[in-house]
Amino acid sequence: MVKTIFEEMGGTYVRQGDYLIPCLTLPTEKEQSLGLFGQRHLRYLKEYHRLTYTNLLTSGKLNTYLADIDRQAQERFETLTELMKQAQGVTEQLKAENQIDWVGRMNNIRHRAMEIVNHEVIYA
């Protein structure tokens, strides 16, 4: 009997009634928890880059890729936050003297850093 290309590549079939169903499994991948940035990038891939998402999923590299994106984005966010704090003079002394002003400035810094990270890493 002539082998199909699937069988030549090592694939097998299972008989289900009158039909031969190919035995398809995804490669096993180490499960990694994703943070906020990894989850956002996953949603972005699913909505706007279906081909990239499917290729990563079927090759077994999706979780590793998303964990790497999450780590990069988190590091970038922390770096930007620290740099902006120093540039604007937001210190622990300000926090002790005027908490409301400190909270307002920190929220502003975090929001700007989040926008930059989204633009440079998550939605790029």
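Computed from a predicted model, the values in this text were never measured in an experiment.

## Describing the overall build of the chain
Looking only at helices and strands, one finds six helices and two strands in the chain. Of the regular secondary structure in the chain, the N- to C-terminal order runs α-β-β-α-α-α-α-α. For the C-alpha atoms alone, the extent of the chain along its principal axes is close to 85 × 20 × 20 Å. The burial tally for the chain puts 27% of its 124 residues in the buried class.

## Things to note about the pairing of strand β2 (residues 19-22)
Note: strand β1 (residues 13-16) against β2, four bridges, orientation antiparallel. Within β2, the residue paired with V14 across the bridge is I21. The antiparallel pairing of β1 with β2 creates a hairpin that spans two residues between the two strands, and G17 there sits at a positive phi of about 70°.

## Some thoughts on the packing of helix α4 (residues 62-88) against helix α6 (residues 99-122)
Running from N to C, α4 and α6 cross one another at 140°; their axes reach a closest spacing of 9 Å. When the axes of α4 and α6 are compared, the pair comes out oblique. Where α4 crosses over α6, the handedness of that crossing is right-handed. Here I69, A73, R76, F77, L80, T81, M84, K85 and Q88 of α4 lie close against α6, whose contacting residues are R105, M106, I109, R110, R112, A113, M114, I116, V117, E120, V121 and I122. Here the contact of α4 with α6 is built from residues that sort into 13 nonpolar, two polar and six charged.

## Focus on the confidence of the model for the chain
For the chain, per-residue confidence averages 92 on the pLDDT scale, and residues scoring 70 or more make up 98% of the total. Within the chain, α6 carries the highest mean pLDDT (97), whereas helix α1 (residues 5-8) carries the lowest (79).

## Let's talk about helix α2 (residues 36-48)
Its 13 residues place the ends of α2 18 Å apart at the C-alpha level, agreeing with the 18 Å of an ideal helix rising 1.5 Å per residue. Every buried residue belonging to α2 is among F37, G38, H41, L42, Y44 and L45, and all of these are buried. The buried residues of α2 all sit within an arc of 160° when viewed along its axis, so they share a single face. Of the surrounding secondary structure, the elements contacted by the buried residues of α2 are α3 (50-59), α4 and α6.

## Description of the packing of aromatic side chains
For the structure on display, the rule yields three aromatic pairs. Judged by centre distance (6.0 Å) and plane angle (50°), the rings of F37 and F77 are tilted. With F37 in helix α2 and F77 in helix α4, this residue pair connects regions lying 40 residues apart in the sequence. Here F37 falls in the buried class, since its relative accessible area comes to 3%. Since its relative accessible area comes to 14%, F77 is described here as buried. Ring centres 5.6 Å apart and planes at 40° place the aromatic pair Y44 and Y48 in the tilted group.

The rules behind these values
- Residues numbered from 1 in each chain as written.
- Predicted model: local features only at pLDDT ≥ 70, side-chain atom pairs only at ≥ 80, totals over all residues.
- Heavy atoms only, no water.
- Helix = DSSP H or I, 4+ residues; strand = E, 2+ residues; numbered from the N terminus.
- Buried < 20%, exposed > 50% of the residue type's maximum accessible area, 1.4 Å probe, protein only.
- Pairing = 2+ DSSP bridges.
- Axes fitted to C-alpha atoms, helices over the stretch in contact; angles between N-to-C directions.
- Parallel < 35°, antiparallel > 145°, perpendicular 65-115°, else oblique.
- Left-handed = near helix turned anticlockwise from the far one by under 90°.
- Contact = heavy atoms within 4.5 Å.
- Nonpolar A, V, L, I, M, F, W, Y, C, P; charged D, E, K, R; others polar.
- pLDDT = per-residue confidence, 0-100.
- Expected span 1.5 Å × (residues − 1).
- Arc of directions from axis to C-beta.
- Phe/Tyr/Trp six-rings, centres within 6.5 Å; stacked < 30°, edge-to-face > 60°.

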